[in-house]
Amino acid sequence: MNKLFCIFCRLSVAGFLLCFMQSVKSQTCTLSDPGNTPGDVGCVSFNYRSQTVTYATVRVADGKIWLQQNLGSTKVASSLTDTDAYGDLFQWGRWDDGHQLRNSVIKATSPVPNNPSGLSDGDTGFYSAGYNSSSNWWSDGVTSDEWSAENVSAFTATIGADPCKAVGQNWRLPTVEELDAALVAENISEFNSALSSHLKLVPAGMKDYSGLYSPGSRLYLWSSSSSPYTGSGQHLYISQYSALTNSAGRDGGMSVRCIKDPSSMLGTSDFKKSTTSVYPNPAHDMVYIKADSAIQNVQITDMAGRKIEAHYSDNRINVQDFPDGAYIVEITLKNGEKISKKIIKK
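Residues numbered from 1 in each chain as written. Predicted model: local features only at pLDDT ≥ 70, side-chain atom pairs only at ≥ 80, totals over all residues. Heavy atoms only, no water.

(A) Region of interest: the overall build of the protein chain. For the protein chain, the count of helices and strands is 5 helices and 22 strands. Counting all 346 residues of the protein chain, 45% fall into the buried class. Contacts spanning at least 24 positions in sequence make up 54% of the contacts within the protein chain whose residues lie at least 6 apart. Of the roughly 16900 Å² of accessible surface on the protein chain, a fraction of 51% belongs to carbon and sulfur atoms. (Helix = DSSP H or I, 4+ residues; strand = E, 2+ residues; numbered from the N terminus. Buried < 20%, exposed > 50% of the residue type's maximum accessible area, 1.4 Å probe, protein only. Contact = heavy atoms within 4.5 Å. Areas by Shrake-Rupley, 256 points an atom, 1.4 Å probe, with all protein chains shown as cover.)

As structure tokens, then:
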């Protein structure tokens with residue numbers, strides 16, 4: 001924007017409106033990836049907490065594409081105390097079910113069993129009972145556990161659902177090795193250099209049985225990597241003095257930042273897969289289906305395999321009269337691909 005245009009903006013109502021419109025236009029997401037130069041930015045839209053959100057993406061000096069903001073945030077961080085950029089705090093191995101909210105209820109008794117299968121399809125409770133307590137979330141978890149399931153219908157007793165998968169195809173949680181590589185590539189050594197980096201990392205604090213602590217002074221960011229220590233996962237820790245990766249109990253609520261696999265690393269079959277989402281989940285009255293290929297047929301069955309009569313029209317299903325419980329939505333696309341999604345009616 002040149003100097004004369006800026007003066008025009010300041011001196012007239014019309015100029016102010018024109019500036020405002022130009023600003024809005026410049027913020028419109030084109031759903032494009034960043035360029036190949038570190039610092040290039042892009043954006044991505046996806047469904048989070050039953051709402052469509054748009055997040056900034058960035059090419060980092062490690063050559064990878066990352067979200068430039070934490071899951072649950074509303075903006076890219078501009079200061080160490082930018083609370084709008086803090087976002088949500090996840091327990092290791094868990095997904096977007098409400099437990100990650102900063103004001104979620106802390107529960108001192110663990111689910112049964114105390115692993116992802118004990119949560120059914122979601123649980124808003126934040127399970128953290130005390131230092132080294134057996135009631136802490138997934139307290140007996142082992143090194144072979146994973147945080148990599150494609151969605152909430154694919155988790156198991158040993159594999160939690162990756163909340164980054166909701167961002168879109170090829171998005172996932174970073175490994176601890178990728179966090180270490182990003183630290184080196186971006187020359188991050190403490191929280192000021194973390195904020196000024198292309199990642200715009202912000203010290204959002206942490207949550208455990210004692211509540212929230214250290215927002216504005218310490219950063220805790222989960223990786224998808226489990227830890228050699230029982231009931232632990234590996235994470236990034238940054239303070240005003242240091243930046244390093246470490247292990248912590250899986251009950252700790254920490255920030256989540258997502259990374260995208262480059263398409264060149266994918267097999268041919270991965271390019272043929274369509275992206276399909278079913279939301280909200282859980283649902284009360286309407287379930288919406290979003291697919292990047294035309295839908296030919298939709299069928300719903302209960303968990304016993306019985307077909308359920310349902311009205312599907314305009315990419316939505318009316319489930320208002322369904323009994324509460326779990327169902328499988330079987331979607332057949334016109335390209336022949338078949339996709340199954342589990343939903344919960346509440």
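Now that the structure has been shown, we can carry on.
(B) Region of the structure containing the nonpolar core. The biggest cluster of nonpolar side chains holds 31 residues, and the ones touching the most others in it are Phe 46, Leu 67, Leu 71, Val 167, Val 256 and Cys 258. Counting residues per element, the ones that place at least two in this core are strand S1 (41-48), strand S2 (51-59), strand S3 (65-67), strand S6 (146-149) and strand S11 (219-226). For this core, the element with the highest residue contribution is S1, accounting for 3 residues. Judged by nonpolar contacts, the second largest core, of 23 residues, contains Ala 85, Ala 194, Leu 219 and Leu 236. (Core = buried A, V, L, I, M, F, W, Y, C linked by side-chain atoms within 4.5 Å.)

(C) Examining the side chain of Arg 257 more closely. Here Arg 257 is to be found in the loop between strand S13 (243-249) and strand S14 (259-260). One buried charged residue, Arg 257, remains without a salt bridge, the closest side chain of opposite sign being Glu 186 at 10.0 Å. Of the polar contacts made by the side chain of Arg 257, one reaches the backbone oxygen of Leu 67; its length is 3.1 Å. Here Gln 69 takes part through its backbone oxygen, which lies 3.3 Å from a polar atom of the side chain of Arg 257. Setting aside chain neighbours within four positions, we find Arg 257 in contact with Trp 66, Leu 67, Gln 68, Gln 69, Asn 70, Cys 164, Pro 174, Leu 199, Lys 200, Leu 201 and Leu 221. (Lys, Arg positive; Asp, Glu negative; His and termini not counted. Salt bridge = Lys/Arg side-chain N within 4 Å of Asp/Glu carboxyl O. Polar contact = N/O pair within 3.5 Å; in protein donor to acceptor, adjacent residues only side chain to side chain.)

(D) View of the sheet that holds S14. Taken together, the 5 strands give an open sheet; going across it, the order is S1-S2-S3-S14-S8, and neighbouring strands pair in antiparallel fashion. With one partner strand each, in any of the chains shown, S1 and strand S8 (171-172) form the two edges of the open sheet. Here S2 pairs with S3 via 3 bridges, running antiparallel. In the sheet register, Thr 57 faces S3, and the bridge partner there is Leu 67. (Pairing = 2+ DSSP bridges.)

(E) Region of the structure containing the sheet that holds strand S12 (residues 232-238). Spatial strand order, S11-S12-S13: 3 strands in an open sheet with antiparallel pairing. Across the chains shown, the open sheet's two edge strands, defined by having one partner strand only, are S11 and S13. Here the average twist between neighbouring strands, direction ignored, is 35 degrees. Pairing of S12 with S13, which is carried by 7 bridges, proceeds in the antiparallel orientation. Counted as the bridge partner of Ile 238 is Ala 243 from S13. (Axes fitted to C-alpha atoms, helices over the stretch in contact; angles between N-to-C directions.)

(F) View of the state of the cysteines. Applying the stated criterion across every chain, the model contains 1 disulfide. A disulfide bridge connects Cys 164 with Cys 258, and the sulfur atoms are separated by 2.1 Å. Between Cys 164 and Cys 258, the disulfide has an S-S torsion of -80 degrees and is therefore left-handed. Here Cys 258 lies in the loop between S13 and S14 and Cys 164 lies in the loop between strand S7 (159-161) and S8, a separation of 94 residues in the sequence. The residues Cys 164 and Cys 258 share a single accessibility class, namely buried. (Disulfide = S-S within 2.5 Å.)

(G) Summary view of the packing of aromatic side chains. Taken as a whole, this structure holds 9 aromatic pairs when the rule is applied. Plain terms: the ring middles of Trp 92 and Trp 138 are 5.6 Å apart, the flat faces sit at 45 degrees to each other, and that makes the pair tilted. With Trp 92 in the loop between S3 and strand S4 (106-107) and Trp 138 in the loop between strand S5 (126-127) and S6, the pair connects residues that are 46 residues apart, well separated along the chain. There is no split in this pair, since Trp 92 and Trp 138 are both buried. Taken together, a centroid distance of 5.5 Å and an interplanar angle of 55 degrees make the contact between Trp 92 and Trp 147 tilted. Highlighted residues: Trp 92 in the loop between S3 and S4 and Trp 147 in strand S6, separated in sequence by 55 residues. Given the relative accessible area of 0%, Trp 92 is considered buried. Aromatic ring contacts, followed pair by pair, group Trp 92, Trp 137, Trp 138 and Trp 147 into a single cluster. (Phe/Tyr/Trp six-rings, centres within 6.5 Å; stacked < 30°, edge-to-face > 60°.)

(H) Seen up close, the pattern of salt bridges. The tally for this structure, following the rule as stated, stands at 10 salt bridges. A salt bridge links Asp 145 to Arg 250; the nearest nitrogen and oxygen atoms lie 2.9 Å apart. Here the residue Asp 145 occupies a position in the loop between S5 and S6, and Arg 250 occupies one in the loop between S13 and S14, the gap between them amounting to 105 residues. The exposure class of Asp 145 is buried, given its relative accessible area of 6%.

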